[in-house]
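So you can see what is in the structure, the chains are spelled out below.
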Amino acid sequence: MKARTKLQRRIYSMSQRLSPISEKQKEWAFRHCFHHYGRRIRKGTVSCLECGHEWLDRSIGPGPCVCPHCGWTIEIVETRKRRFQREKTYFCILTTCGGYQVIRIFDTFASRCVGHKALYGCNEVVQLWITPDGKVISIARMRPILSMYLDRWDYASDLEVRPNRMSYDINPEFIYPWKQVIPAIKRNGFRGDLHGCSPLSLFLALLNDCRAETLFKAGQFPMFTHEIRSQVCSDERYWPSVRICMRRGYLIQDASMWCDYIDLLRYFNKDILSARYVCPENLQSEHDRLERKKRELLRKEDLQRKMQQAQAAEEQFRELKSRFFGISFADGTIRVRVLQSVAEHLLEGELMHHCVFTNNYYARPESLILTAQIGEQHIETIEVSLETFQIVQSRGVCNRPTAYHDRIISLVEQNMEQIRRCASA
Ligand SMILES: [Zn+2]
């Protein structure tokens, strides 16, 4: 893409003059971005994969060791492999140019082969230029179109102005420790630590989001990163409570849990402007306590709703099924009987964790529901068709079959005549 706007053109020309990565920076990157290895084979030959030196030492085992030739500390691995997989990582330099913040991202690699000096290299793939008022211009290489690998770059393409895309917001594993930042970012609180955020998201939050900036300056870093990810402070849902925490010097350590907790407080009509509630000593236990309470309450409310529903349906149910009331038979251990109210369907559904109530079996003219019990214990729930006088289903807790299933089926079949008689009465 060609630089179109005045700003794009200015930044592109400055980018052309930006000095390439220095030898010192490269050296730092190669040393710190990768582990350094030595290889040992069973016979005792040790090969330094940094300088290629080989020597014999039967006493060296797996673990760190210093190469007698290059002096690097290398990690000894025992393997017969001669060629090692190429390692890749992103290395980043934070610098400034002409009053702009520049984030330079280098695709950095290491390849190693026994008997050779390790080969390191890096390619600059992205430059993100940020203006003091929080605008971004991306200068980047091309990503191969239709690549399955998001991490590929087309090195033959030039660093050019490209539309701002999420894929340039890279969170590099390694950042050059000598960082340069523009005054606006420093003024808004940046002291060098990125707190796990990508440089772009952190700088933009500090420049564009004044609530994020406030959080950052107050040292509320978990909430700051949460704000970057989910913009939770953009409205008034949590912000007034967050401010109370800041005023109290209370550090919100787990931001998403804390927001959940505020929602729970609100649910229970607690004062979310009171430090007593919003600054809990033990967030986890308070959060869990309220969550349990809410779940219990919802369960009760649900049951109440179902009971009302049952009450309303009772009369119609009697009309449909009362002629079957009293049907009951047993084989000495198991007793099977007809459910005689909608409330009983509700109870059966709750005890057996199945849908006999929620799916309104009580209102279906063509089906009759029976329960099989041993003493007080509910074993299975049986549906009989009033059209065919066959057993449609018989199910235990959570719809699982039970050890008594076959006995229950044959017991009901033996007594089907009772049901048939009541139906035609
Ligand atoms: Zn060496």
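Residues numbered from 1 in each chain as written. Predicted model: local features only at pLDDT ≥ 70, side-chain atom pairs only at ≥ 80, totals over all residues.

## Let's talk about the domain arrangement of the chain
Thinking step 1. Once the domains are mapped, the chain shows domain 1 (6–175) and domain 2 (314–424).
Thinking step 2. Once you take the C-alpha centre of each, domain 1 and domain 2 turn out to be 71 Å apart. (Domains from an automatic or database assignment.)

## Digging into the sheet that holds strand 12 (residues 328–330)
Thinking step 1. Taken together, five strands build an open sheet; the order of strands is 12-13-14-15-16 and the sheet is antiparallel. Each edge of the open sheet carries a strand with a single partner, namely strand 12 and strand 16 (391–395). Adjacent strand axes in the sheet meet at a mean angle of 20 degrees, parallel and antiparallel pairs treated alike.
Thinking step 2. As paired elements, strand 13 (residues 335–338) and strand 14 (residues 367–374) share four bridges and run antiparallel to each other. Across the sheet, the residue bridging to Val-338 is Leu-370, located in strand 14. (Pairing = 2+ DSSP bridges. Helix = DSSP H or I, 4+ residues; strand = E, 2+ residues; numbered from the N terminus. Axes fitted to C-alpha atoms, helices over the stretch in contact; angles between N-to-C directions.)

## Points about the nonpolar core
Thinking step 1. Trp-129, Phe-203 and Leu-206 are the most contacted members of the largest nonpolar core, which has 56 residues in total.
Thinking step 2. With seven residues, the single largest contributor to this core is helix 4 (residues 199–208). (Core = buried A, V, L, I, M, F, W, Y, C linked by C-beta atoms within 7 Å. Buried ≥ 20, exposed ≤ 12 C-beta atoms within 10 Å, placed from the backbone.)

## Structural notes on the sheet that holds strand 9 (residues 136–140)
Adjacent strands of a sheet form backbone hydrogen bonds with each other and so pair up, either parallel or antiparallel.
Thinking step 1. With mixed pairing, six strands are arranged side by side in an open sheet as 10-9-8-7-6-11. The sheet is open, and its two borders are formed by strand 10 (160–162) and strand 11 (174–175), each paired with just one other strand.
Thinking step 2. With eleven bridges connecting them, strand 6 (residues 87–97) and strand 7 (residues 100–111) associate as antiparallel partners. Considered in strand 7, the bridge of Leu-94 is made with Ile-103.
Thinking step 3. Against the sheet, helix 1 (residues 6–17) makes contact with strand 6, strand 7, strand 8 (119–130), strand 9 and strand 10, and its axis sits at roughly 45 degrees relative to strand 9, the strand it touches most.
Thinking step 4. Running at roughly 170 degrees to strand 7, helix 4 makes contact with strand 6, strand 7, strand 8 and strand 9 of the sheet. (Contact = placed C-beta atoms within 7 Å.)

## Things to note about unusual backbone geometry
Thinking step 1. Phi is positive for His-353, which is not a glycine, with a value near 50 degrees.
Thinking step 2. By secondary structure assignment, the location of His-353 is in the loop between helix 11 (342–352) and strand 14.
Thinking step 3. A positive phi angle, close to 55 degrees, is found at Phe-389, a residue other than glycine.
Thinking step 4. When you line up the elements, Phe-389 lands in the loop between strand 15 (377–385) and strand 16.

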